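# Architecture and fold: a report
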Amino acid sequence: MQYSNKKSNFIDSLCFLVRNELRCDVMCHHTKSFKRVLSICYYHYPSKHPGTEALTFSLWLTNLGSEMAKSPEEEHPVKTFGWAATDPSGHLSPFTFSRRVTGEEDVRFKVLYCGICHSDLHSIKNEWGSSNYPMVPGHEIVGEVTEVGSKVEKVKVGDKVGVGCMVGACHSCDSCANDLENYCPKLILTYNGIYYDGTITYGGYSDSMVANERYVVRIPDGMPLDSAAPLLCAGITVYSPLKYFGLGEPGKHIGIVGLGGLGHVAVKFAKALGSKVTVISTSPNKKAEALEHLGADSFLVSRDQDELQVIVCTYSYFY
Ligand SMILES: [Zn+2]
Ligand SMILES: [Zn+2]
């Protein structure tokens, strides 16, 4: 066990880390296990502990013994294959890890498609400074159910399902009580998160997935699964405010700024909900796609200030 051999250095490093409020990845230059434990510690231990004593911290650390004893391949019974980033280089490589057995509220499914969100690219390269490696990205995951727990009611074996950006939350705060788990301070992300049992969460760039049914959505029969996948992040990101703020209605005129991964889905939702849609882009070459392919009503080049000035007061909302 790597931890035993390095315990002294390890605790010294962690105490140093806490005293100086350094990020764990600055300190991660030993073994994979060491890096993994540091990541877990950093997540669980508050970043500011003035006067933290080494003894207190080492006792706390001792409780993580079971975590440190196991590799990602061993910590759960179900072998899983995926593609992981192991450093910020941007490259993914084959990665064998493990997932938990199907709990009574869990849905297990074979992953058939997984969207590539730009957040995945940011995370792979640690561009937000919060990445822990090895990391299996992917939070636009769809597949076919292979097993359900005894208390699962939403889906059955054979159903097509999806999992988006989150797989857990506290279920006791005001946000959770109002079906707004995405605002829960203890939200658990689909990957690069820490699950209830203390293990790292791994995403959909893998051959199978297991999640609590609360975070699983059923994909309607007949819906193409490759098209369904991006709805689980890009789609909900734009659909939610359209509905929440009542933007998608006949008679409303929506300006959608940017025709990228989210923007093009926003155009399709807004049109489907009956709104008039104008796409605003810096790229004149997006015009044909906006009008002819996606069905927008008009197109503006945002660099043309005169054009924008004339039309800006006619919008219900900018998006
Ligand atoms: Zn995303
Ligand atoms: Zn909560």
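Conventions used here
Residues numbered from 1 in each chain as written. Chains lettered and ligands numbered in written order. Predicted model: local features only at pLDDT ≥ 70, side-chain atom pairs only at ≥ 80, totals over all residues. Heavy atoms only, no water. Buried < 20%, exposed > 50% of the residue type's maximum accessible area, 1.4 Å probe, protein only. Helix = DSSP H or I, 4+ residues; strand = E, 2+ residues; numbered from the N terminus. Contact = heavy atoms within 4.5 Å. 1 Å grid on protein atoms, 1.4 Å probe; cavity = no way out; pocket = protein on both sides within 12 Å on 5 of 7 lines; lining within 4 Å. Points joined across faces, edges and corners; volume = space filled by probe spheres on them. Nonpolar A, V, L, I, M, F, W, Y, C, P; charged D, E, K, R; others polar. Domains from an automatic or database assignment. Polar contact = N/O pair within 3.5 Å; in protein donor to acceptor, adjacent residues only side chain to side chain. Donors = N, O, S within 2.8 Å, 3.2 Å for Na, K, Ca; no water. Tetrahedral: all angles 85-135°; square planar, octahedral: opposite > 155°, others 65-115°. Core = buried A, V, L, I, M, F, W, Y, C linked by side-chain atoms within 4.5 Å. Salt bridge = Lys/Arg side-chain N within 4 Å of Asp/Glu carboxyl O. Pairing = 2+ DSSP bridges.

### Some details on helix α11 (residues 263-272)
Taken together, the buried positions of α11 are occupied by G263, V265, A266, V267 and A270. Of the surrounding elements, those touching the buried residues of α11 are α10 (234-244), β10 (253-257) and β11 (276-281). Just downstream of α11, G274 is the residue with a positive phi angle, here 100 degrees.

### What about the layout of surface pockets?
Approximately 990 Å³ is the volume attributed to the largest pocket. M166, N182, L232, I236 and S240 are, among the 30 residues lining the largest pocket, the residues nearest its centre. Looking at the lining of the largest pocket, the elements with two or more residues in it are β9 (217-218) and α10. For the lining of the largest pocket, the element with the highest residue contribution is α10, accounting for seven residues. When grouped by side-chain class, the residues that make up the lining of the largest pocket number 20 nonpolar, five polar and five charged. Composition of the lining of the largest pocket by domain shows at least three residues from each of domain 2 (78-232) and domain 3 (236-318). Approximately 310 Å³ is the volume found for the second largest pocket. In terms of lining, the second largest pocket is formed by 15 residues, of which the most central are S119, W128, H139, C165 and L189. Considering only residue class, the lining of the second largest pocket consists of seven nonpolar, eight polar and no charged.

### Considering the environment of Y196
Inspection of the secondary structure assignment puts Y196 in the loop between β7 (188-189) and β8 (208-212). Spatially, the C-alpha atoms of Y196 and G168 are 8.0 Å apart, while their sequence positions differ by 28 residues. Contacts of Y196, omitting those with residues within four sequence positions, involve G168, A169, H171 and I188. At 2.7 Å, the side chain of Y196 and the backbone oxygen of A169 are in polar contact.

### Comments concerning the coordination of the zinc ion (ligand 2)
Distances from the zinc ion (ligand 2) to its protein donors, C170 (SG), C173 (SG), C176 (SG) and C184 (SG), fall at 2.3 Å. The coordination sphere of the zinc ion (ligand 2) comprises four donor atoms, whose angles at the metal cover 105 to 116 degrees; the geometry is tetrahedral.

### A short note on the nonpolar core
Ranked by size, the top nonpolar core spans 16 residues in total, and within it I256, L259, V267, V277, V279, A290 and A296 carry the most contacts. Contributions of two or more residues to this core are made by α10, β10, α11 and β11. Counting residues per element, this core draws most heavily on α11, which supplies four residues. Setting aside chain neighbours within four positions, we find L259 in contact with H264, V267, V279, K286, E289, A290 and L294. Of all hydrophobic cores here, the second largest spans 15 residues; its members include I141, V145, V152 and V155.

### Side note on the pattern of salt bridges
The final tally for this structure, using the stated rule, is nine salt bridges. Taking the shortest distance from any N to any O, the salt bridge between R214 and E181 comes out at 2.7 Å. With R214 in the loop between β8 and β9 and E181 in the loop between α8 (174-177) and β7, the pair connects residues that are 33 residues apart, well separated along the chain. For E181, a relative accessible area of 11% translates into the label buried. A salt bridge links E249 to K252; the nearest nitrogen and oxygen atoms lie 3.2 Å apart. The class of E249 is partly exposed, set by a relative accessible area of 36%.

### Describing the pairing of strand β3 (residues 106-114)
Looking at chain direction, β3 and β8 are connected through five bridges and run antiparallel. Following the sheet pairing, F109 is matched in β8 by M209. Inspection of the sheet shows β3 paired to strand β4 (residues 141-148) by seven bridges, in the antiparallel sense. Bridge pairing in β4 links C114 to I141.

### Quick look at unusual backbone geometry
Cis geometry marks the peptide bond from Y133 to P134; its omega dihedral reads -5 degrees. We note that H171 has phi near 65 degrees; this positive angle belongs to a residue other than glycine. Note on placement: H171 falls in the loop between β6 (166-168) and α8. In this structure H171 comes out as partly exposed when scored by relative accessible area, which is 35%.

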